Amino acid sequence: MTASEIRQQFLDFFASKGHVIVPSAPIVVKNDPTLMFTNAGMNQFKDYFLGNKVPAATRVADTQKCLRVSGKHNDLEEVGIDTYHHTMFEMLGNWSFGDYFKKEAIAWSWELLTEVYKIPVDRLYVTVFEGDAKENLPKDQEAYDFWKEHIAEDRILLGNKKDNFWEMGDTGPCGPCSEIHVDCRPDNERQAVNGKTLVNNDHPQVIEIWNNVFMQFNRQKDKSLVPLPAKHVDTGMGLERLVRVLQNKTSNYDTDLFMGTIHTVEKLTGNTYKGTDAKNDVAFRVIADHIRAISFTIADGQLPSNTGAGYVIRRILRRAVRYYFSFLEVRKPLLHELVPVLAAQFSHVFPELEQQVDFVKRIVFEEENNFLRTLESGIRRIDEFMKQASGKMIDGQTAFELYDTYGFPYDLTSLIAIENGFDVDKIGFDAALEQQKERSRAATALDTGDWVVLDETPDVVFIGYENLESHTKLLKYRTVNAKGKEQFQLVLSKTPFYAESGGQVGDTGILYFDEEIIHVTDTKKENNLIIHFADKLPAKPQASVKAVVAKEKRQNIARHHSATHLLHAALRQVLGTHVAQKGSLVNAEQLRFDFSHFAKVTDEELAQIEQIVNDKIQANIPVVIKELPKEEALQLGAMALFGEKYGDVVRVVIMDPQYSVELCGGTHVGSTGELGLFKFVSEGAVAAGVRRVEAVTGNQAINFVNVQLQQLKEVKAALKNPKEIVKAAETLVQDKAALEKQVEALELEKVRQLGAELRTEAQQINGINFLGKVVNVSNAEGLKQLSMQLKTEIPDHVLVFAANIGGKASVALSIDEKLVAEKGWEAPKLIKEHVAPLIKGGGGGQKSFATAGGQETDKLDQVVAAIKKIIG
């Protein structure tokens, strides 16, 4: 069977058991502050388990894109080294929300594996929770007894809390779980060693294939366990491992899920994948795995960057580049060539990649290209270190610098070191890495208290589309500490406050608890829960509540949000239909809009786009908002954003059916005329293939125009009110350039004369011609020109010139290349060790010439003396 057939059989099986088949959620998580990425199939159903939302169906099944490379679930360093860990993987899962429980989950697991997939019974083992005395948790006898109906008791193994008690996190729903393991070893090995002794012992051929989690408890902040009001089933089976078993392979990478990519890499590199433990085979596996994680996260809206989730993707991409650079000896971008292969393979199950294949390919190419240049810089840095090193050890701090600045992992630094007869201080590297992790943890530490529940009402009602005030009640509250600051989070039964989502910032306003005023400083979503951030807790939480949104701020936000829809349509009209939204920020002050486009938007194009938007504003088009079934909305031509999770019923915002129809949950104006005016503020690049524009509407646009006009008025006055202001400004610039050339020529002549005067002042010290002087020049270029002039006229020289330039110390040091070779004197090193500390500054340059700048102008004579002392 192919992987596609295996996946479909799973979904068909659970459909036959009354499960609704739902699409995968995006791999990039939004509205959940506890997660960057979807790391388990249950993530999109957390609200059901937490009781925040009532499910539309009590039985569902799906295949979910997952990513595990950060936080608690971090498999990155194992990926490619072994044969069964992955960054991105597919999690096949079936769920029961307060419907069936252990009996049915166990029976159906067994039926699917043994009767549908026909895995031999004598290769299967199951584990159940053995209990935990410290937690006062008994053995899961119920699951044990159900398993006895299907499998021999000697194949039912007891597992500890680590292996057989699943928890969402430090707090939240949890419960015992029952894993199913399969023994893939040859018969002779199975006869020699009983498979039950290898379960959960990291044997590469005795692997967990499916986990049935029975959610029964809620973990509190104080670590206590409280029974959930309803019991749930959450199962997960990795498709990659299942396909490996059913296709009778010893490695996940030998299945048709990965071999298409691996064969393409073979063609592109001329290397061969042998399937052994050779370094190049590890590289093949790393590439085949990592390109999936990179491509699908970008397709779901997460661009590589230097922070947060974007940095995780950049790390994955760079790890793949390092492997093909080091072990396949590829020196040009490779990964981007694999994106179309992957897009075609998954077009029927995850079509979002095929729909954006050119965009994703371009992003990956630019990232690869940039990092290959960084790799070369890092290798030069290692070479320089080894040339200057007094011993044969790369210290831990340098190894960490290579990791942190150039993306070199410890193993790559170690590999280069070994090839050159060096060792690396692993202990020092680990210490520096741990210090960085501690700083990161401290910066993001969040201490969240348990919810104090006043009312168990599951659904929070948002009424903020129609109303900016409501009479409501407090359902629950908690205290949160972040970076030493205490905040309070409140949940209301119905609220007019819009929670930050889709780029639109959260509302602010006031909650009146009887006469007490509580200021709402922000509103956010945590999964489906609308959370109000408050400056304090109410003295009487049970009091009736009047919730009032800051009206003027909301109106300004709505104007900017509606403007993004008009802008998006205009961008596509002028630049092309390849334009797609890649991010946005909508607040009361302005809008920011990121979109896919591979060239700078010209001034002419910006003017055209701005005119189209303003024409639509002047037409005062009604903004029509409808709630429709998703398929009907898409048939209307509604644009859905990649990386967003939409329900069966969606909200459609229409500003002329022939112009702008988008799926959107944000707040909007009643008609486009309310925007008043639209003006661009800036345009620029965000990443390869992604541009960003910033714009303003309404009073913000009028204020922006007024500021520009006032500046123009002041410029005109400064130019003595010419009739043609542009021509006058151009003339001024031309005159300035001509004067600067004259000054430059005079400065060069001054430096030439100074050099002629100084030429005879060189001193012979130990056979070296030394010339050091504090001189009077107007800029640092003068010091450089002086050095360049005299280095050709004075052989075997060491020249040091210093000057006070604009109240700052400036130094130039030139050393004859012959002396660099014979004496080992290098200008940047001497600058760093002997000059920079004196002037409280820094500098650098080439081996024979370097410059420095600093604050201490009264130490310039000491600088000259310090260099003179070195040569004798």
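Preceding block: the structure.
Every value quoted in this text rests on a predicted model; they were computed, and no experiment measured them. (Residues numbered from 1 in each chain as written. Predicted model: local features only at pLDDT ≥ 70, side-chain atom pairs only at ≥ 80, totals over all residues. Heavy atoms only, no water.)

## Brief notes about the overall build of the chain
Secondary structure assignment for the chain yields 24 helices and 37 strands. A total of 872 residues make up the chain; the buried ones form 50% of that total. Within the chain, contacts between residues separated by at least 24 positions form 68% of all contacts whose residues are at least 6 apart in sequence. Of the side chains in the chain, 102 bear a positive and 119 a negative charge, and the two mean positions are spaced by 3 Å. (Helix = DSSP H or I, 4+ residues; strand = E, 2+ residues; numbered from the N terminus. Buried < 20%, exposed > 50% of the residue type's maximum accessible area, 1.4 Å probe, protein only. Contact = heavy atoms within 4.5 Å. Lys, Arg positive; Asp, Glu negative; His and termini not counted. Charge placed at Lys NZ, Arg CZ, Asp CG, Glu CD.)

## A word on the sheet that holds strand β36 (residues 841-845)
What the six strands build is an open sheet, ordered β32-β33-β34-β35-β37-β36; its pairing is mixed. The sheet is open, and its two edges are formed by β32 (763-765) and β36, each paired on a single side. Sheet twist, expressed as the average angle between the axes of neighbouring strands with direction ignored, equals 20°. Where β36 and strand β37 (residues 849-854) come together, five bridges link them in antiparallel fashion. Counted as the bridge partner of G844 is T851 from β37. Against the sheet, helix α21 (residues 780-791) contacts β33 (768-774), β34 (797-805), β35 (808-815) and β37, and its axis sits at roughly 160° relative to β34. (Pairing = 2+ DSSP bridges. Axes fitted to C-alpha atoms, helices over the stretch in contact; angles between N-to-C directions.)

## Points about the sheet that holds strand β27 (residues 624-629)
Two strands in a sheet stick together by hydrogen bonds in their backbones, pointing the same way (parallel) or opposite ways (antiparallel). What the three strands build is an open sheet, ordered β27-β28-β29; its pairing is antiparallel. Taken across any chain shown, the strands that pair with only one partner, and hence form the sheet edges, are β27 and β29 (660-663). In this sheet, adjacent strand axes meet at a mean angle of 25° when their direction is disregarded. As paired strands, β27 and strand β28 (residues 649-655) are joined by six bridges and run antiparallel to one another. The residue of β28 that forms the bridge with E627 is R651.

## Structural notes on the pattern of salt bridges
Counted according to the given criterion, the structure contains 41 salt bridges. For E526, the salt bridge is made with R478, and the minimal N-O distance between the two is 2.8 Å. Remark: R478 occurs in strand β18 (residues 474-482) and E526 occurs in strand β22 (residues 516-526); sequence separation between them is 48 residues. In this structure, R691 and E683 form a salt bridge, with 2.8 Å as the shortest nitrogen-oxygen distance. E683 matches R691 in its accessibility class, with the two residues each being buried. In this structure, a network of salt bridges that share partners links the residues D122, R123, D187 and R190. (Salt bridge = Lys/Arg side-chain N within 4 Å of Asp/Glu carboxyl O.)

## Comments concerning the packing of helix α10 (residues 308-327) against helix α12 (residues 357-388)
Contact geometry of α10 with α12 gives a least axis separation of 10 Å together with a crossing angle of 60°. What the angle tells us is that α10 and α12 run oblique. Crossing hand, α10 versus α12: right-handed. When α10 is examined against α12, the residues R314, L317, R318, V321, R322, Y324 and F325 are found in contact with a partner set consisting of V364, E367, E368, F371, L372, L375 and I379. Looking at the contact of α10 with α12, its residues break down into nine nonpolar, no polar and five charged. (Parallel < 35°, antiparallel > 145°, perpendicular 65-115°, else oblique. Left-handed = near helix turned anticlockwise from the far one by under 90°. Nonpolar A, V, L, I, M, F, W, Y, C, P; charged D, E, K, R; others polar.)

## Topic: the pairing of strand β31 (residues 690-697)
Judged by how many residues are buried, β31 sits mostly within the fold: six of eight residues are covered. With six bridges connecting them, strand β26 (residues 591-596) and β31 associate as antiparallel partners. Counted as the bridge partner of F595 is R691 from β31. Counting the residues in the hairpin turn of strand β30 (residues 678-687) and β31 gives two residues, including G689, whose phi is positive at 80°.

## Regarding the packing of helix α3 (residues 102-116) against helix α4 (residues 141-148)
Running from N to C, α3 and α4 cross one another at 40°; their axes reach a closest spacing of 10 Å. Between α3 and α4, the crossing angle belongs to the class labelled oblique. When the axes of α3 and α4 are compared, the crossing they make is right-handed. Of α4, the residues touching α3 (which contributes K102, K103, I106 and W110) are E142, A143, F146 and W147. Residues of the contact of α3 with α4, tallied by class, amount to five nonpolar, no polar and three charged.

## A closer look at the environment of A431
Along the chain, A431 turns up in helix α15 (residues 426-444). Classification of A431 by relative accessible area gives partly exposed; the value is 39%. When the C-alpha atoms of A431 and Q397 are compared, they prove to be 8.8 Å apart, with 34 residues separating the residues in sequence.

## With respect to helix α16 (residues 551-575)
For α16, built from 25 residues, the straight-helix expectation of 36 Å at 1.5 Å per residue is met to within 8% by its first-to-last C-alpha distance of 36 Å. Burial analysis of α16 places 18 of its 25 residues in the buried class, the great majority of the element. Directly after α16, the chain includes G576, whose backbone phi takes a positive value near 130°. (Expected span 1.5 Å × (residues − 1).)

## Let's talk about the side chain of R7
Tracing the sequence through the fold places R7 in helix α1 (residues 3-16). A distance of 2.7 Å separates polar atoms of two side chains, one belonging to R7 and the other to E90. Within the local environment of R7, its side chain forms a polar contact with the side chain of H348, the two groups lying 3.5 Å apart. Setting aside its immediate chain neighbours within four residues, R7 contacts T63, E90, L92, L239, L257, F346, H348 and V349. (Polar contact = N/O pair within 3.5 Å; in protein donor to acceptor, adjacent residues only side chain to side chain.)

## Some thoughts on unusual backbone geometry
At N136, a position not held by glycine, the phi torsion is positive, near 60°. Tracing the backbone shows N136 in the loop between β6 (124-129) and α4. Backbone geometry places D796, a non-glycine residue, at a positive phi of 45°. Of note, D796 is situated in the loop between α21 and β34.

## Considering the pairing of β26
Across the six residues that make up β26, a large majority, five, are buried. In the sheet, strand β25 (residues 581-586) pairs with β26 via five bridges, with the strands oriented antiparallel. Bridging across to β26, S584 finds its partner in F593. Counting the residues in the hairpin turn of β25 and β26 gives four residues.

## Examining the state of the cysteines
Under the criterion given, the structure shown has zero disulfides. Take C174: it sits in no disulfide, and the sulfur closest to it among the cysteines is that of C177, at 11 Å. Between C184, a cysteine without a disulfide, and C177, which holds the nearest cysteine sulfur, the sulfur-to-sulfur distance is 20 Å. (Disulfide = S-S within 2.5 Å.)

## A short note on the environment of A3
By the secondary structure assignment, A3 is in helix α1. As for A3 and E384, which are separated by 381 residues in sequence, their C-alpha atoms are 49 Å apart. Those residues within four positions of A3 in sequence are excluded, and the remaining contacts are L239, V243, Q247, D256 and L257.

## Some remarks on helix α20 (residues 725-758)
The terminal C-alpha atoms of α20 lie 49 Å apart, and with 34 residues this matches the ideal 50 Å at 1.5 Å per residue to within 8%. Within the span of α20, buried status applies to E747, V751, L754, G755 and L758. For α20, the secondary structure elements touched by its buried residues are β33, α21 and β34.

## Topic: the packing of aromatic side chains
Tallied over the entire structure, the rule returns 27 aromatic pairs. Taking 6.0 Å as the distance between ring centres and 35° as the angle between the ring planes, the aromatic pair formed by F400 and Y403 counts as tilted. Of the two residues, F400 and Y403 both sit in helix α13 (residues 396-406), three residues apart, roughly one turn of that helix. Under the relative-accessibility criterion, F400 is labelled buried at 6%. Three or more aromatic residues joined by ring pairs make a cluster, and in this case those are F45, Y48, F49, W95 and F97. Its end group placed over the ring of W451, K476 keeps NZ or CZ at 5.0 Å from the ring centre. (Phe/Tyr/Trp six-rings, centres within 6.5 Å; stacked < 30°, edge-to-face > 60°. Lys NZ or Arg CZ within 6 Å of the ring centre and 35° of its normal.)

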